[in-house]
Amino acid sequence: MAGGDSFVFKQFIVKQNKCAMKVGTDAVLLGAWADLPPSGRVLDIGAGTGIIAMMLAQRCVANIDTIEIDADAYTQAVENCGNCKWKDRLNVHHSSFQDFAEKCGKQYDAIVTNPPYFTNSLQAASESRTKARHNATLTFKELIDGIKALLHQKGTFAIILPSKESEEFVEIAKDSGLYPVRVMRIQTTAVKPAKRVLMQFAFQRNSFSESTLIIENTDHTYTPDYKQLTREFYLGF
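As a starting point, this report considers the structure included with it. This is a predicted model, so every value here is computed, not measured. (Residues numbered from 1 in each chain as written. Predicted model: local features only at pLDDT ≥ 70, side-chain atom pairs only at ≥ 80, totals over all residues. Heavy atoms only, no water.)

### Thoughts on the packing of aromatic side chains
Piece 1. Inspection of every chain in the model, using the stated rule, returns 14 aromatic pairs.
Piece 2. Ring centres of Phe-12 and Trp-86 lie 6.0 Å apart, and the angle between their planes is 75 degrees; this geometry places the pair in the edge-to-face category. Here Trp-86 lies in the loop between helix H3 (71-83) and strand S5 (90-94) and Phe-12 lies in the loop between strand S1 (6-8) and strand S2 (13-15), a separation of 74 residues in the sequence. Residue Phe-12 shares its accessibility class with Trp-86, and that shared class is buried.
Piece 3. The interplanar angle of 40 degrees and the centroid separation of 6.1 Å between the aromatic rings of Phe-157 and Phe-169 together place this pair among those described as tilted. In this pair, Phe-157 is assigned in strand S7 (residues 151-162) and Phe-169 in helix H7 (residues 163-175), connecting sequence segments 12 residues apart.
Piece 4. An aromatic cluster is present here, built from Phe-7, Phe-9, Phe-12, Trp-86, Tyr-222, Tyr-226, Tyr-234 and Phe-237 joined pairwise through their rings.
Piece 5. In this structure, Arg-182 packs its charged tip against the face of Trp-33, placed 3.9 Å from the ring centre. (Phe/Tyr/Trp six-rings, centres within 6.5 Å; stacked < 30°, edge-to-face > 60°. Helix = DSSP H or I, 4+ residues; strand = E, 2+ residues; numbered from the N terminus. Buried < 20%, exposed > 50% of the residue type's maximum accessible area, 1.4 Å probe, protein only. Lys NZ or Arg CZ within 6 Å of the ring centre and 35° of its normal.)

### Here's the deal with the nonpolar core
Piece 1. In terms of nonpolar packing, the biggest core is built from 43 residues, with Phe-9, Phe-12, Ile-51 and Leu-90 touching the most fellow members.
Piece 2. Top element by residues in this core is helix H2 (residues 51-59). It accounts for seven residues.
Piece 3. With residues near it in sequence (within four places) discarded, Ile-51 still touches Phe-9, Phe-12, Val-14, Val-23, Ala-27 and Val-28.
Piece 4. Formed by 27 residues, the second largest nonpolar core is a distinct cluster that contains Leu-43, Ala-101, Ala-173 and Val-197. (Core = buried A, V, L, I, M, F, W, Y, C linked by side-chain atoms within 4.5 Å. Contact = heavy atoms within 4.5 Å.)

Structural measurements only, silent on function.
Here you go:
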């Protein structure tokens, strides 16, 4: 439930008054869909409000690191994560991903990101929103190189991207030795083409599955599949 400067989920509240990018469907989809280890370490790249990190903490008992380059978003994520029931397992880092990947010295069982992806669109008016929406500060190649350094050999990496950018990302990932093992295409309604693609990657090409999720029925009610995926989080489901 949205309340202007905050968004209330079943088990936590997300304040978003300091963040350029507010709570959105992409983050909720990724946080609910990504495969997670029962324990171990998980990394969320680009904390924003901290929503994905908190969703992951709700779903497993792993220790979760989340990193954020923007100072205001970092402050917001620290506040939100510090106020939730899983705060002892959540660590927010103020850093670029490139620096974090170089210096952290850890390996992760799962990595997730809802990244900046508007590679060719007009840049947003505010610098914070530009950083959050564009890949000028973190290219796909830099993202993949960092993930290769941080991901455990048997770990998984999950991402959400627009359809066009997802095709480019898959090719770069394959060239670097990361292969798609699970894909879900997201359609707003049944008559519209897929707008987003959830993708999971691994170092091994052991299996591959592909599916489609439709968010809304023709009468703009939510579909049973969307409710099932997000029911542990949204108050109305």
